[in-house]
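Structural overview
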Amino acid sequence: MIRSTLITFIAGGLLWGAASTSQAFEQTGKIDCIAPANPGGGWDFTCRSVGRVLADLGLVDGNVQTINMPGASGGVGFSHVVQKRAGQENVIVAASTVTTTGLARGQFPGMDASMVNWIGTLGADYGVIAVAADSPYQSLPEVMKALKKDPRAVSFTGGTATGGWDHLKLLMAADEAGVDDLARIAYLGYNGGGEAVTQTLGGHVDAFTGDISEVISFIESGDLRPLAILSEERLPGTLHEWPTAREQGIDTVAPNWRGFYIPADVSDDAYDWWVDTIDTLYSSDEWKGVMTQNGLMPFEMHGQAFTTFVNDQIAQITDISRQIGLSQ
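1. Notes on the packing of helix H2 (residues 42-56) against helix H10 (residues 285-294)
Direction vectors running N to C along H2 and H10 enclose 150°, while the axes themselves pass 10 Å from each other. Comparing their axes, H10 and H2 come out roughly antiparallel. At the point where H2 passes H10, the crossing takes the right-handed sense. Contact with H2, carried on its side by Phe45, Ser49, Val50, Arg52 and Val53, involves Glu286, Trp287, Val290 and Asn294 of H10 and no other residues of that element. Split by residue class, the contact of H2 with H10 holds 5 nonpolar, 2 polar and 2 charged.

2. As for the state of the cysteines
Enumeration according to the criterion identifies 1 disulfide in this entry. The disulfide bridge from cysteine 33 ends at cysteine 47, spanning 2.1 Å between sulfur atoms. Taking the torsion about the sulfur-sulfur bond, which here is approximately -80°, the covalent link between cysteine 33 and cysteine 47 counts as left-handed. Of this pair, cysteine 33 sits in strand S1 (residues 31-35) while cysteine 47 sits in helix H2, placing them 14 residues apart in sequence. On the accessibility criterion, cysteine 47 (1% relative accessible area) is buried.

3. Observations concerning helix H8 (residues 212-221)
Restricting attention to buried positions, one finds in H8 the residues Ile212, Ser213, Glu214, Val215, Ile216 and Ile219. Following H8 by one or two positions, glycine 222 has its phi on the positive side, about 90°.

4. Notes on helix H11 (residues 303-323)
In an α-helix, one full turn covers 3.6 residues, which means residues spaced three or four apart are oriented alike. With 21 residues, H11 should cover 30 Å at 1.5 Å per step; its first-to-last C-alpha distance of 31 Å lies within 8% of that length. Two residues or fewer after H11 comes glycine 325, characterised by a positive phi angle close to 85°.

5. Considerations on the confidence of the model for the protein
Of the residues in the protein, 92% reach a pLDDT of 70 or more, and the chain-wide mean stands at 90. Per-element confidence in the protein ranges from a low mean pLDDT of 46 for helix H1 (residues 2-13) to a high of 98 for helix H5 (residues 140-149). Every residue in residues 7-22 is under pLDDT 50, and counting partners more than four places away or in other chains gives 30 contacts.

6. Some words on the nonpolar core
Core analysis: the biggest nonpolar cluster contains 89 residues, and Trp118, Met144, Phe156, Ile185, Phe260 and Trp287 have the highest contact counts within it. In this structure, methionine 144 is in contact with Ala173, Ala174, Ala177, Val179 and Ile250, ignoring residues within four places of it in sequence. Core analysis: the next-biggest nonpolar cluster, separate from the first, contains 18 residues, Ala196, Val197, Leu235 and Met297 among them.

7. Things to note about the packing of aromatic side chains
With the rule as written, the count across this model stands at 8 aromatic pairs. Arranged with centres 5.3 Å apart and planes meeting at 35°, the rings of phenylalanine 78 and phenylalanine 108 form a pair that is tilted. Of this pair, phenylalanine 78 sits in helix H3 (residues 75-84) while phenylalanine 108 sits in the loop between helix H4 (97-104) and strand S4 (116-132), and the two are 30 residues apart along the sequence. Across the pair, phenylalanine 108 and phenylalanine 78 agree in class, each one buried. One aromatic cluster in this structure is built from Phe78, Phe108, Trp118, Trp257, Tyr261 and Phe306.

8. Digging into the environment of leucine 235
The topology assignment puts leucine 235 in the loop between strand S8 (224-230) and strand S9 (255-263). When the C-alpha positions of leucine 235 and serine 284 are compared, they lie 21 Å apart, and in sequence the two are 49 residues distant. Apart from residues lying up to four places away in sequence, leucine 235 is in contact with Tyr126, Ile212, Ile229, His240, Gly295 and Met297.

9. Notes on the pattern of salt bridges
Evaluated as defined, the whole model comprises 9 salt bridges. Residues aspartate 44 and arginine 48 are paired through a salt bridge, measuring 2.8 Å at the closest nitrogen-oxygen approach. With aspartate 44 and arginine 48 both in helix H2, this residue pair falls 4 residues apart, about one helical turn. Between lysine 169 and aspartate 166 there is a salt bridge, and its shortest N-O distance comes to 3.2 Å. In this pair, lysine 169 and aspartate 166 both sit in helix H6 (residues 165-177), 3 residues apart, roughly one turn of the helix. By relative accessible area, aspartate 166 is classed as buried at 2%. Put simply, Asp125, Asp166, Lys169, Asp211 and Arg258 are held in one network by salt bridges that share partners.

Quick notes on the rules
- Residues numbered from 1 in each chain as written.
- Predicted model: local features only at pLDDT ≥ 70, side-chain atom pairs only at ≥ 80, totals over all residues.
- Heavy atoms only, no water.
- Axes fitted to C-alpha atoms, helices over the stretch in contact; angles between N-to-C directions.
- Helix = DSSP H or I, 4+ residues; strand = E, 2+ residues; numbered from the N terminus.
- Parallel < 35°, antiparallel > 145°, perpendicular 65-115°, else oblique.
- Left-handed = near helix turned anticlockwise from the far one by under 90°.
- Contact = heavy atoms within 4.5 Å.
- Nonpolar A, V, L, I, M, F, W, Y, C, P; charged D, E, K, R; others polar.
- Disulfide = S-S within 2.5 Å.
- Buried < 20%, exposed > 50% of the residue type's maximum accessible area, 1.4 Å probe, protein only.
- Expected span 1.5 Å × (residues − 1).
- pLDDT = per-residue confidence, 0-100.
- Core = buried A, V, L, I, M, F, W, Y, C linked by side-chain atoms within 4.5 Å.
- Phe/Tyr/Trp six-rings, centres within 6.5 Å; stacked < 30°, edge-to-face > 60°.
- Salt bridge = Lys/Arg side-chain N within 4 Å of Asp/Glu carboxyl O.

Okay, here's the thing in structure tokens:
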């Protein structure tokens with residue numbers, strides 16, 4: 001199945017590491033952290049929480065300013081960095097599996113992964129399919145049963161465009177459940193999870209597909225109810241009460257790594273400094289607390305190993321998209 005191909009590959013990435021080096025580069029001044037989506041989504045969370053911890057630990061000289069740059073599921077931000085930020089060493093950009101999906105699907109026209117420098121990951125954010133608290137749907141198999149009768153019986157929304165990672169994880173689950181005609185499933189994509197959650201809570205769509213970090217506060221407040229978390233096992237803490245898709249008979253696991261890239265044409269010393277800095281942040285107790293609070297699971301990869309992983313994941317997602325008819 002398409003699920004096993006992708007998950008085997010992603011899980012294998014967890015075994016890779018990156019060597020740390022010392023550098024002559026000295027970072028000074030304000031840092032721009034570009035979140036290529038509207039406020040409230042996963043990339044916005046990545047920039048704001050990382051910026052806070054970087055400052056608290058004294059790992060950077062100046063403040064970290066979050067700049068929201070929505071559009072094309074990360075493509076607007078990617079294009080901005082490629083065209084206008086080359087050589088700027090005080091710029092980091094939030095990225096995730098959504099980014100590699102966009103590159104794999106050709107959603108960043110004329111651009112590819114080699115046009116930026118890939119720094120490292122900060123954990124994995126597992127997928128979730130959730131509904132508003134008053135939704136009549138009580139389980140993921142119930143939703144899939146409705147889709148089997150009519151692929152347009154249930155509408156979904158997420159923080160990526162059609163064919164993006166939020167859409168793709170839904171299709172992976174539907175394919176695993178035996179739903180036919182995946183392309184007919186109703187999906188409405190937004191530039192970030194915040195808008196998608198609003199549409200779900202407002203009753204404009206039936207269900208949300210996204211990542212835990214985007215909705216954990218809505219789950220804890222009782223506004224959203226997870227039908228399934230797309231992890232290998234139940235997540236710890238307050239999320240432990242919610243079932244996985246796997247335990248409901250739909251064997252789909254969908255981790256979304258969180259990490260960063262920086263512009264091209266920076267010095268080797270600057271690149272190594274950023275690799276080491278993100279590695280140091282990842283290992284800190286402060287960041288482990290952020291991970292626990294927001295449902296992030298361990299997923300550590302940095303430097304050249306991360307670059308290789310990104311390129312291989314793009315190739316893998318391209319193949320999967322073809323299998324389910326999203327690419328030629």
